[in-house]
Each structure stands twice: as structure tokens, then as C-alpha cells.
Amino acid sequence: MLYTIIGTDTAHSLEKRKAARPEHVARLQVLRDAGRLIIAGPFPAVDNEDPSEAGFTGSLIVAEFDSLTAAQAWADSDPYLAAGVYAQVQVMPFKQVF
């Protein structure tokens, strides 16, 4: 089943985000290589694809997991959470229609 993972950034998280990004992206690549990643990316803090120093307000991941418990465990071990980029992470089942 598909699950959404929505991480909400802490204030002024840009430098922490940059530092933890290689580990964060490596985990996403594992999901992608397994054919389980639908979409992933950050929410720019301003209306621009490159928000520069404005940074990001969070991230969205939609991926396939065996269960809500598995999706939550994966989200809980995200390097962004460990590095203090995310203030909170919400995991929910998702039904793709289109």
C-alpha cells in the first residue's frame, strides 16, 4: 500500500538540511531502485523552485510500504529527523487515484 510521509521543518533548518541531505537522498534512492518511490521532494518556503536562503518548510514522500507500521518506522529513521531538520513527521495511508 502507498503511504504519505510529510515532514515539517524546524525554523532555520536550511544548514541542517544541507548537511543531512546526502544520507536522506540515499535512502530515497533505495526506495526508487526497488520501484517503491512514487514522488518525493521539499516544500520551498517561497514561491520559487530555488528558494535560496529562504529554505524549505518541509517535505513530501509518497512510497509503498508493507504496512503503516513499516512506513512509520522508515520515517522515524530519516536522517532529517535525526539531524533536527524535521520538527515532526506525519505518516498516513494514501490511495492513488490518478
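Look above for the structure.
Residues numbered from 1 in each chain as written. Predicted model: local features only at pLDDT ≥ 70, side-chain atom pairs only at ≥ 80, totals over all residues. Heavy atoms only, no water.

Trainee: Can you walk me through the sheet that holds strand E1 (residues 2-9) in this structure?
Mentor: Sheet strands pair via backbone hydrogen bonds, and the direction of the pair is either parallel or antiparallel. Spatially, four strands are ordered E2-E3-E1-E4 in an open sheet, and the strand pairing comes out antiparallel. In the strand order of this sheet, the two ends are held by strand E2 (37-44) and strand E4 (86-94), each with one partner. Between one strand axis and the next, the sheet turns through 10° on average, direction left out of account. Relative to the sheet, helix H1 (residues 14-33) contacts E1, E2, strand E3 (56-64) and E4, its axis offset from that of E3 by approximately 10°. Where helix H2 (residues 68-76) meets the sheet, it contacts E1, E3 and E4, and its direction lies at approximately 160° from that of E4. (Pairing = 2+ DSSP bridges. Helix = DSSP H or I, 4+ residues; strand = E, 2+ residues; numbered from the N terminus. Axes fitted to C-alpha atoms, helices over the stretch in contact; angles between N-to-C directions. Contact = heavy atoms within 4.5 Å.)

Trainee: Is there a simple way to explain the nonpolar core in this structure?
Mentor: Buried together is how nonpolar side chains tend to be arranged in soluble globular proteins. Tyr3, Ile5, Leu28, Leu31, Ile61, Ala63, Phe65, Ala71, Trp74, Ala75 and Val91 form the largest nonpolar core, which has eleven residues in total. By residue number, the principal contributor to this core is H2, which donates three residues. When neighbours within four sequence positions are excluded, alanine 75 is seen to be in contact with Ile5, Leu81, Val89 and Val91. (Core = buried A, V, L, I, M, F, W, Y, C linked by side-chain atoms within 4.5 Å. Buried < 20%, exposed > 50% of the residue type's maximum accessible area, 1.4 Å probe, protein only.)

Trainee: So what exactly am I meant to see when it comes to the side chain of histidine 24 here?
Mentor: With respect to the helices and strands, the residue histidine 24 is situated in helix H1. Excluding anything up to four places from it in sequence, histidine 24 contacts Ile61, Asp78, Pro79, Tyr80 and Tyr86.

Trainee: Please clarify how the environment of methionine 92 should be interpreted in this entry.
Mentor: Structurally, methionine 92 is set in strand E4. Look at methionine 92 and you get partly exposed, because its relative accessible area is 30%. Not counting the four nearest positions on each side in its chain, methionine 92 is found in contact with Leu2, Tyr3, Thr4 and Ile6.

Trainee: Would you take a moment to explain the pattern of salt bridges for this structure?
Mentor: Any two side chains of opposite charge can pair, given that their charged atoms come close. The tally for this structure, following the rule as stated, stands at four salt bridges. Between aspartate 78 and arginine 27 there is a salt bridge, with its nearest N and O atoms 3.8 Å apart. Here aspartate 78 is found in the loop between H2 and helix H3 (79-82), whereas its partner arginine 27 is found in helix H1, with 51 residues between them in sequence. We classify aspartate 78 as buried; its relative accessible area is 3%. For arginine 27, a relative accessible area of 17% gives the class buried. Salt-bridge contacts for aspartate 33 lead to arginine 32; the nearest nitrogen and oxygen are separated by 3.4 Å. (Salt bridge = Lys/Arg side-chain N within 4 Å of Asp/Glu carboxyl O.)

Trainee: What's the story with the packing of aromatic side chains in this structure? I'm lost.
Mentor: The description of an aromatic ring pair uses the distance of the two centres, along with the angle that the planes make with each other. Enumeration over the complete set of coordinates arrives at three aromatic pairs. Relative to tyrosine 86, the ring of tyrosine 80 lies with its centre 5.5 Å away and its plane at 85°, an arrangement referred to as edge-to-face. Tyrosine 86 carries the same exposure label as tyrosine 80, and that label is buried. Members of the aromatic cluster, connected to one another through ring pairs, are Tyr3, Phe65 and Trp74. (Phe/Tyr/Trp six-rings, centres within 6.5 Å; stacked < 30°, edge-to-face > 60°.)

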